[in-house]
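Below, each chain spelled out in residue letters.
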Amino acid sequence: MTLSKALSQKRQFNSPALPSLNLLMSRTERIMARWPDVVANPPEKDRERLVVMVRDRLDRDEWKDTKLSLITSAGRALFDEERRERPDLAGLREFYYRETRASTRAGFLGGMFSIYMDSFDAAADHTHKLASALSAVTDRLGARWRMLLDATPEMLSPNVVADAVARKMISMDDLWTGLQKLGIHSPHGPGLMNAVHLAYVTQIEPHLDTRVEMKRLIEWLKPEGREAKSTGAGEAISALLGPWVNCAPPANDLRYLTENIIGIYGDPRVQRGGIWSAVPDHRLAVILRWLTGENIRFFLDVVSAVERSHMWEPRRKFWLGLHSRGRVDAAWVAFGDTAEQEAKQRGGGRGTLSFGRQTAGGSRSDTSLLVLKIGRKIVVEGSHSYKVHIFDETDRSAPTLYQWRYDCEQIRLLPGSKARAHVGNWQSWVMEQI
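Residues numbered from 1 in each chain as written. Predicted model: local features only at pLDDT ≥ 70, side-chain atom pairs only at ≥ 80, totals over all residues. Heavy atoms only, no water.

Enquirer: Quick question: what am I supposed to make of the nonpolar core here?
Expert: Looking at soluble globular proteins, one finds that nonpolar side chains tend to be buried together. Tyr96, Phe113, Leu217 and Trp276 are the most contacted members of the largest nonpolar core, which has 78 residues in total. Residues contacting Tyr96, with those up to four places away along its chain left out, are Val54, Ile71, Ala74, Gly75, Leu78, Phe79 and Met112. Grouped together as the second largest cluster of nonpolar side chains are 29 residues, Leu320, Val328, Phe335 and Ile374 included. (Core = buried A, V, L, I, M, F, W, Y, C linked by side-chain atoms within 4.5 Å. Buried < 20%, exposed > 50% of the residue type's maximum accessible area, 1.4 Å probe, protein only. Contact = heavy atoms within 4.5 Å.)

Enquirer: How should I be thinking about the pattern of salt bridges in this particular structure?
Expert: When the charged atoms of two side chains with opposite charge come close together, those side chains can pair. The tally for this structure, following the rule as stated, stands at 31 salt bridges. Among the salt bridges present, the one from Arg49 reaches Asp46, with a minimum N-O distance of 3.7 Å. Residue Arg49 and its partner Asp46 are located together in helix H3 (residues 44-60), separated by 3 residues, close to a single helical turn. Its relative accessible area of 45% is what places Arg49 among the partly exposed residues. Linked by salt bridges that have partners in common, Glu44, Arg47, Glu48, Arg55, Asp80, Glu82, Arg83, Arg86 and Asp88 make up one network. (Salt bridge = Lys/Arg side-chain N within 4 Å of Asp/Glu carboxyl O. Helix = DSSP H or I, 4+ residues; strand = E, 2+ residues; numbered from the N terminus.)

Enquirer: Hey, could you run me through the sheet that holds strand S1 (residues 330-335) in this one?
Expert: Working definition: the strands of a sheet are paired by backbone hydrogen bonds and lie parallel or antiparallel to each other. Spatially, the 7 strands line up as an open sheet ordered S6-S2-S1-S3-S4-S5-S7, and their pairing is mixed. In this open sheet, the two edge strands, each paired with only one partner strand, are strand S6 (405-406) and strand S7 (418-420). As paired strands, strand S2 (residues 356-358) and S6 are joined by 2 bridges and run parallel to one another. Opposite Gln358, over in S6, you have Tyr406 as the bridge partner. Against the sheet, helix H17 (residues 337-345) makes contact with S1 and S2, and its axis sits at roughly 110° relative to S1, the strand it touches most. Packed on one face of the sheet, helix H19 (residues 426-433) meets strand S4 (377-382), strand S5 (388-392) and S7 and runs near 5° to S5. (Pairing = 2+ DSSP bridges. Axes fitted to C-alpha atoms, helices over the stretch in contact; angles between N-to-C directions.)

Enquirer: Even after reading the chapter, I still don't get the packing of aromatic side chains, so can you show me in this structure?
Expert: When we look at a pair of aromatic rings, we describe it by the centre distance and by the angle of the planes. For the structure shown, the criterion picks out 16 aromatic pairs. Summarising the aromatic geometry, the rings of Phe79 and Tyr96 are spaced 6.1 Å apart at their centres and angled 85° between planes, so their arrangement reads as edge-to-face. Of this pair, Phe79 sits in the loop between helix H4 (68-78) and helix H5 (90-102) while Tyr96 sits in helix H5, and the two are 17 residues apart along the sequence. Centroid distance Tyr116 to Phe120: 5.9 Å. Interplanar angle 85°. Geometry classified as edge-to-face. Comparing Tyr116 with Phe120 shows no difference in burial state: the two are buried. An aromatic cluster is built from Trp63, Phe79, Phe95, Tyr96 and Tyr97, whose rings are joined through pairwise contacts. Looking at Arg211, its charged tip hangs above the ring of Tyr256, at a distance of 4.3 Å from the centre. Across from the ring centre of Trp312, 4.0 Å away, lies the NZ or CZ of Arg315, which sits over that ring. (Phe/Tyr/Trp six-rings, centres within 6.5 Å; stacked < 30°, edge-to-face > 60°. Lys NZ or Arg CZ within 6 Å of the ring centre and 35° of its normal.)

Enquirer: Looking at this structure, I do not really get the packing of helix H16 (residues 312-324) against H19. What am I missing?
Expert: Packed helix pairs are characterised by how far apart their axes lie and by the angle those axes make with each other. Running from N to C, H16 and H19 point in directions that differ by 25°, and their axes come no closer than 11 Å. Judged by the angle between their axes, H16 and H19 are roughly parallel. Between H16 and H19 lies a crossing whose hand is right-handed. Contacts from Pro314, Arg315, Phe318, Trp319 and Leu322 in H16 reach Trp426, Gln427, Val430 and Met431 in H19. In the contact of H16 with H19, the residues fall into 7 nonpolar, 1 polar and 1 charged. (Parallel < 35°, antiparallel > 145°, perpendicular 65-115°, else oblique. Left-handed = near helix turned anticlockwise from the far one by under 90°. Nonpolar A, V, L, I, M, F, W, Y, C, P; charged D, E, K, R; others polar.)

Enquirer: Help me understand the packing of helix H12 (residues 211-221) against helix H13 (residues 233-241), please; the structure alone is not making it clear to me.
Expert: Across the interface, H12 lies against H13 with an axial gap of 11 Å and an inter-helix angle of 165°. The pairing of H12 with H13 is recorded here as roughly antiparallel in orientation. Note that H12 runs across H13; the crossing there is left-handed. Contacts from Met214, Leu217, Ile218 and Leu221 of H12 reach H13 at Ala233, Ala236 and Leu240. For the contact of H12 with H13, a count of residues per class yields 7 nonpolar, no polar and no charged.

Have a look at this one:
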């Protein structure tokens with residue numbers, strides 16, 4: 001008995017009275033919204049076992065009591081990245097292609113369509129063979145998949161489908177809802193939707209110097225009430241930063257981009273790797289430059305509020321002047337006790353306004369520090385009559401940026417630093433040292 005015949009056999013039951021179709025449809029919509037894929041996604045530990053089970057049945061040509069759930073779950077494992085090119089499974093893959101062309105079961109064909117989308121790779125042989133097999137049986141597909149094909153006829157054309165869906169996204173007001181209306185129940189799904197995401201980012205990148213397109217992309221990356229997209233996020237962030245490599249955005253756009261990107265994906269200065277590893281260095285430098293300016297301004301605003309010294313206005317002019325001329329490579333802040341409370345009231349401690357703590361006690365408990373990297377120098381500025389300290393970056397004892405705790409007394413006593421009080425023409429002295 002072939003698999004197609006085994007799966008097509010149905011037991012006979014007395015037909016009960018049918019409930020309201022409207023009720024069934026509303027329940028179906030709720031189920032699909034919560035569990036969009038009917039094909040079980042088996043855990044990694046079970047995948048090889050499932051594939052072997054189906055291969056054994058194929059070798060013995062024994063399909064009695066074989067459940068559809070086994071076939072579709074094993075199919076998802078068979079076409080995952082680890083197995084879809086394995087030579088020893090080539091025969092089993094060919095079997096799935098044949099069964100897709102022969103089957104009359106909408107459930108099986110829907111499962112194979114889902115597998116096609118989730119394992120999609122336009123450059124891979126299996127994607128083209130699944131597309132070819134499914135193209136031959138479009139009249140046997142369930143309503144969900146026919147609706148998807150009606151909305152996007154290119155769906156089974158691997159070389160063009162990603163660009164085709166991305167073009168539709170450009171005209172959508174709400175990308176998540178718009179894609180679901182097309183019949184794509186998991187807009188952030190793997191495979192095809194990752195390819196669509198990259199195509200969409202490529203298509204809109206020339207227009208990301210406008211707030212409207214910035215907002216649409218950011219809301220696509222993190223739809224309200226849903227998890228942020230991780231796959232392809234680095235490419236999207238790179239596109240958002242691209243227009244500003246050689247110029248600065250308006251201040252309100254700079255703040256909007258910085259707060260949203262860091263709010264969703266964390267601070268690249270303290271959160272290494274992850275999505276940030278996909279952002280090229282010259283574009284990562286853009287947001288690091290923005291964060292540097294934000295940190296300097298935040299430090300000056302907070303310490304000016306808690307110390308109220310006439311010295312802070314000339315310091316503001318000097319340090320922000322260095323930043324505006326591109327001299328400051330990086331900045332980090334460590335607040336003392338009183339300043340920390342002020343910083344938190346101003347929204348600090350998260351997102352773009354992350355900061356460390358200055359932990360020295362006694363008379364120095366309220367001292368706050370601004371740690372700067374300027375060329376090959378590490379500069380430590382401080383509040384409450386703390387001197388400016390300057391270290392060579394190559395000095396192993398020099399403070400490092402992006403630490404969560406600093407002790408200003410330990411820094412003061414470190415060997416190898418040059419220090420100067422904020423008296424006289426201290427700005428000229430700093431310029432000479434850096």
